[in-house]
Amino acid sequence: MGPWGDAAIAGVGLLAGAVNAIVGSGSLITFPTLVALGYSPFVANVSNTVGLVPGSVSGAVGYRRELRGQGGRVLRLGGFALGGGLLGGILLIEAPHSFRRIVPYLVLVAVVMVLVQPRVARALDRRHAARGSTRPEAGGPALRAGVFATAVYGGYFGAAQGVILIGLLGIGMDDDLQRVNALKNVLAALVNGIAAVLFIFDAPVRWTPALILAGASTVGGQIGARVGRRLPAAALRGVIVVAGTAVAVYLLR
């Protein structure tokens, strides 16, 4: 691979760590780079997942202020994220072409969810107010099922997993978009982390690119958290919609 290849991986790893902290979809930067450098798609996928885990954790740590008071949500939804991520990793090993055709459409649905989230949230609040109740703190069964299904996809490949999670969490819970994004970072770290553990023991991880990605994405996660936390809700929503649409268009080619 050589020093230029290492430098390219470090550069895209830094960028992917920042993008993942703000919105998700960093894998669409790193995965094609690894393939272009000569790794097979399967090896690139598993090495990419392992390498980006520290960046996911870094982004979650960067949003720690917005995570205050959300421990209960992490506990209630984290198990679904872990279970789905493990299943997604198993599917990648056993059936590596399972989701490729439907991924762009999932991402487009998520973009629409992010766009309509404020209007849907207001409608849900009015409905619960009329009944004298409030929306569940960690969402209901539909949100938990959605997190599990998204985690299956995330463990399998994960491009724009964050966009899908933000769409689900934003509609399923009553909270500020920045706090939703913080919870998304934790759930994505759990999904990627459990899949990475599986790949370390049962897949052909290439450690040189994985370790380079790990270091670079950790720095990128901190940069992304600093930038993302300062974006107004409307601007953050716009970034999510633009990034998600670009991902879907890319995957539809």
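Look up: the structure comes first, before these words.
Described below are features of the structure shown in this document. Since this is a predicted model, take the numbers as computed values, not measurements.

To continue, consider the overall build of the protein chain. From N to C terminus, the protein chain includes 10 helices and zero strands. Put simply, the protein chain has 253 residues, and 53% of those count as buried. Taking as baseline every contact in the protein chain between residues at least 6 positions apart, the subset at least 24 positions apart corresponds to 82%. Accessible surface computed for the protein chain: about 11000 Å², of which carbon and sulfur atoms make up 67%.

Taking 1.5 Å of rise per residue, 21 residues should cover 30 Å, and helix 1 (residues 2–22) covers 31 Å from first to last C-alpha, within 8% of that figure. Along helix 1, the residues classified as buried are Gly5, Ile9, Val12, Gly13, Ala16, Gly17, Ala18, Val19, Asn20, Ala21 and Ile22. Downstream of helix 1 by one or two residues, Gly24 has phi in the positive range, about 105°.

This paragraph deals with a positive patch on the surface. A surface patch of like charges, here positive, comprises Arg64, Arg65, Arg68, Arg226 and Arg230. Tracing the backbone through its elements, the reader meets Arg230 in the loop between helix 9 (207–229) and helix 10 (233–252). For Arg230, a relative accessible area of 63% translates into the label exposed.

Bringing the environment of Ser58 into the picture now. Following the sequence through the fold, Ser58 ends up in helix 3 (residues 41–62). According to the relative accessible area criterion, Ser58 is buried, its value standing at 6%. Taking C-alpha positions, Ser58 is 9.0 Å from Ala189, a pair spaced 131 residues apart along the chain.

Next up on the list: the packing of helix 6 (residues 141–156) against helix 8 (residues 177–202). Two elements in contact, helix 6 and helix 8, have axes whose closest approach is 9 Å; the angle formed by their N-to-C orientations is 45°. Overall, the two elements helix 6 and helix 8 adopt an arrangement that is oblique. As helix 6 packs across helix 8, the resulting crossing turns out to be right-handed. Within the contact between the two elements, helix 6 uses Val147, Ala151, Gly154 and Gly155 and helix 8 uses Leu187, Val191, Asn192, Ala195 and Phe199.

Reading the values: the criteria
- Residues numbered from 1 in each chain as written.
- Predicted model: local features only at pLDDT ≥ 70, side-chain atom pairs only at ≥ 80, totals over all residues.
- Heavy atoms only, no water.
- Helix = DSSP H or I, 4+ residues; strand = E, 2+ residues; numbered from the N terminus.
- Buried < 20%, exposed > 50% of the residue type's maximum accessible area, 1.4 Å probe, protein only.
- Contact = heavy atoms within 4.5 Å.
- Areas by Shrake-Rupley, 256 points an atom, 1.4 Å probe, with all protein chains shown as cover.
- Expected span 1.5 Å × (residues − 1).
- Patch = residues over 30% accessible without salt bridge, like charges linked within 9 Å, V, L, I, M, F, W, Y side chains within 5 Å.
- Salt bridge = Lys/Arg side-chain N within 4 Å of Asp/Glu carboxyl O.
- Lys, Arg positive; Asp, Glu negative; His and termini not counted.
- Charge placed at Lys NZ, Arg CZ, Asp CG, Glu CD.
- Axes fitted to C-alpha atoms, helices over the stretch in contact; angles between N-to-C directions.
- Parallel < 35°, antiparallel > 145°, perpendicular 65-115°, else oblique.
- Left-handed = near helix turned anticlockwise from the far one by under 90°.

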